[in-house]
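Structural overview for review
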Amino acid sequence: MSSMEIAKVGDIPAGRMKSFTADGKEILVFNYEGKFYAIGRYCPHLHGDLSQGKLEGKTITCPRHGSQFDITTGRCLVGPKIGPLKLSTKDDTMYAVEVEGQSLRIKI
Ligand code: FES
């Protein structure tokens, strides 16, 4: 596993997110209360773009079918809902984020 710089700490203000491509992987990085977390950008259900989702606290909601994920763990909190169907989906992939000075590095 290697680590690579993806951004500077100041590039992602608190309460915001930003997407990156690192080593061919699409990653969404969050600044939650001054700590940085990274999950896969695309929803594990049917690849909804979580960067277009709604971020509330440490929960991101997929814009396609409403699955919700904890951005600090990648855990699926609420599964997708399609019409009357309530489904389940996998947890999202988590990536380790390191802060070195002003550099944000991600382990791939
Ligand atoms: S694609 Fe995200 S909930 Fe279906």
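So, here is what we can say about the structure in this document.

What counts, and where the lines are drawn
Residues numbered from 1 in each chain as written. Predicted model: local features only at pLDDT ≥ 70, side-chain atom pairs only at ≥ 80, totals over all residues. Heavy atoms only, no water. Helix = DSSP H or I, 4+ residues; strand = E, 2+ residues; numbered from the N terminus. Rg over C-alpha atoms; globule rule 2.2 N^0.38 Å. Buried < 20%, exposed > 50% of the residue type's maximum accessible area, 1.4 Å probe, protein only. Polar contact = N/O pair within 3.5 Å; in protein donor to acceptor, adjacent residues only side chain to side chain. Contact = heavy atoms within 4.5 Å.

What follows is about the overall build of the protein chain. A count of helical and extended segments in the protein chain gives 0 helices and 13 strands. Each helix (α) and strand (β) of the protein chain, taken in turn from the N terminus, gives the series β-β-β-β-β-β-β-β-β-β-β-β-β. In terms of overall dimensions, the protein chain is globule-like: its C-alpha atoms have a radius of gyration of 14 Å, near the 13 Å expected for 108 residues. For the protein chain, the spread of C-alpha atoms along the three principal axes comes to 50 × 25 × 20 Å. Residues counted as buried form 42% of the 108 residues belonging to the protein chain.

This next bit is on the side chain of Thr-61. Looking at the secondary structure, you find Thr-61 in strand 6 (residues 59-61). Of note is the side chain of Thr-61, whose polar atom sits 3.0 Å from the side chain of Gln-68. Sequence-distant contacts of Thr-61, that is, excluding residues within four places in its chain, are made with Gly-53, Lys-54, Gly-66, Ser-67 and Gln-68.

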